[in-house]
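Structural overview for review
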Amino acid sequence: MLIACDIGGSRIKAARVGAGGALTTLGDTPTPAEFPAFVAALAGFLPPGARGVAISIAGVVDPETGVLTCANVPAVNGRVVAAELAAGLGLRVWVGNDADCFALAEAVQGAGAGHRNVFGVILGTGVGGGLVIDGRIVTGAGGFAGEWGHGPVLNARPLGVDVPHFVCGCGLAGCVDTVGGARGIERLHAHLTGQATDSVALLARWQAGDADAGRTVAVWLDLVAGPLAMVLNVVGATIVPVGGGLANVPALIAALDMAVRARVLRGGTAPLLVPARNTVEPGLIGAAIAGGQAFAA
Ligand SMILES: [Zn+2]
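Keep in mind the model is a prediction, meaning the values are calculated, not measured. (Residues numbered from 1 in each chain as written. Predicted model: local features only at pLDDT ≥ 70, side-chain atom pairs only at ≥ 80, totals over all residues. Heavy atoms only, no water.)

1. Concerning the pattern of salt bridges
Applied cut-off: Whenever a carboxyl oxygen of Asp or Glu lies within 4 Å of a side-chain nitrogen of Lys or Arg, that contact is scored as a salt bridge. Labels follow the DSSP assignment, with helices taken as runs of H or I lasting at least four residues and strands as runs of E lasting at least two, numbered in each case from the N terminus. In this scheme, a residue with accessible area under 20% of its type's maximum is buried, one over 50% is exposed, and one in between is partly exposed, where area comes from a 1.4 Å probe on protein chains only.
The tally for this structure, following the rule as stated, stands at nine salt bridges. Across the pair Arg263 and Asp222 runs a salt bridge, and its minimum N-O distance is 2.8 Å. One end of the pair, Arg263, is in the loop between helix H8 (250-261) and strand E12 (273-275); the other, Asp222, is in helix H7 (residues 211-235), with 41 residues separating them in the sequence. We classify Arg263 as partly exposed; its relative accessible area is 34%.

In structure tokens form, the structure reads like this:
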């Protein structure tokens, strides 16, 4: 029996993986700050007979060294995480990035089912992504494959409007992450209009026909669609499930889909970007699938 966990900075959620991958919640608990307490918290979820633990976390595991970088979870940040947890729990442990787990969930039992090359996109607070090919997560160099939010790539004059290359948390400037997510579109709107607005209100005004909101969304579409089209050309994705808070506005995803399809080489009339189907606990679902693959090997 496999246990799936989703680990964030504040909570650990756990579920038992039943026959056919069905998840039964085991509850949640605060994320401890120290490693021994973290191991004990995971152990507290393990029923008798548990055979392995699969973990989705908002961090990156280097596939060569196994070292996790996850500033939000200091208990495991910098550790050879799967090996150290396996030693502490006496069970096999798989650990993966949450956006990768999201993409795997979509590829196997979501909007990407039946597609070989699936690029999962998160438009949440910031921008993330994961690449799944033939039903397997591609982690790549350093574990960063799919991280299309970072790189100094933005057009500085989208639609002829000056947009500065905002400095990104990764240390570069001009990253998609600085304008692409909820905080990003708010930053863009503040730059273009001088108005502070949250993304939900901004997108509601856009859908109601507000001119200022419409200009911000038009600039946003131009900024984000170019880099995303390039990524899709490179990875050959035939479907792009989109999750995160901005995906709660289907009209925005439809508009981004049109903008991206106008820029990719393949063309075609079928939608590329579609709202994700695993909207509840995609990390747990993806971890359960990845753990099943890892422990079957
Ligand atoms: Zn960046």
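2. Remarks on the packing of aromatic side chains
The condition is simple: Paired rings are identified among Phe, Tyr and Trp, the last through its six-membered ring, by centres lying within 6.5 Å, and are further divided according to the angle between planes into stacked (under 30 degrees), edge-to-face (over 60) and tilted (the rest). Counting as a charge over the ring demands two things of the Lys NZ or Arg CZ atom: a distance within 6 Å of the ring centre and an angle within 35 degrees of the ring normal.
Counted under the stated rule, the structure contains zero aromatic pairs. It is Arg79 that lies over the ring of Phe35; its NZ or CZ is 4.1 Å from the centre. The ring of Phe166 has Arg187 lying over it, and the distance from NZ or CZ to the ring centre is 5.6 Å.

3. A closer look at the environment of Ile7
Quick reminder of the rule: Any two residues having at least one pair of non-hydrogen atoms within 4.5 Å are treated as being in contact.
You can see Ile7 is positioned in strand E1 (residues 2-7). Overall, Ile7 belongs to the buried group, its relative accessible area being 3%. Contacts of Ile7, omitting those with residues within four sequence positions, involve Ile12, Thr31, Phe38, Leu42, Ile55, Ser56, Ile57, Ala58 and Val73.

4. Some words on the domain arrangement of the protein
Note the threshold: Residue ranges for the domains trace back to a domain assignment, done automatically or taken from a database. Accessible area, probed at 1.4 Å, shrinks when two parts are joined; the buried area is that loss added up over both. The definition of a polar contact used here is a pair of N or O atoms within 3.5 Å, where within protein one atom must be able to donate a hydrogen and the other to accept one, and adjacent residues in sequence count solely through side-chain atom pairs.
As far as domains go, the protein holds domain 1 (2-100 + 280-296) and domain 2 (113-275). When domain 1 packs against domain 2, the two sides together hide about 880 Å² of surface, and 55% of this comes from carbon and sulfur. The largest contributions to the domain 1 side of the interface with domain 2 come from Val60, Asp100 and Gln293, which together make up 58% of the buried area. If you look at where domain 1 meets domain 2, you find one residue pair in polar contact (both at pLDDT 80 or more). Residue assignment for the side of domain 1 that touches domain 2 shows that the elements contributing at least two residues are strand E5 (60-61), strand E7 (92-97), helix H3 (98-109) and helix H9 (282-296).

5. A word on the sheet that holds strand E2 (residues 11-17)
Selection criterion: Think of it this way: DSSP has to see at least two bridges between two strands before they count as a pair. Lines fitted to the C-alpha atoms define the axes, with helices restricted to the stretch that makes contact. Angles between their N-to-C directions range from 0 to 180 degrees.
Taken together, five strands build an open sheet; the order of strands is E3-E2-E1-E4-E7 and the sheet is mixed. Each edge of the open sheet carries a strand with a single partner, namely strand E3 (23-30) and E7. The sheet shows a mean angle of 20° between the axes of neighbouring strands, direction not considered. Judged from the six bridges that link them, E1 and strand E4 (residues 52-57) form a sheet pairing that is parallel. Looking at the pairing, Leu2 lines up with Gly52 of E4. Against the sheet, helix H2 (residues 81-89) touches E4 and E7, its axis set at about 145° to E7. Strand contacts of H3: E4 and E7, with the helix running at about 95° to E7, the strand carrying the most contacts.

6. Topic: the environment of Leu188
With respect to the secondary-structure elements, Leu188 resides in helix H5 (residues 182-193). Judged by its relative accessible area of 0%, Leu188 is buried. Separated by 22 residues in the primary sequence, Leu188 and Phe166 place their C-alpha atoms 9.8 Å from one another. Apart from residues no more than four positions distant in its own chain, Leu188 is found in contact with Val163, Val179, Thr216, Val219, Trp220 and Leu223.

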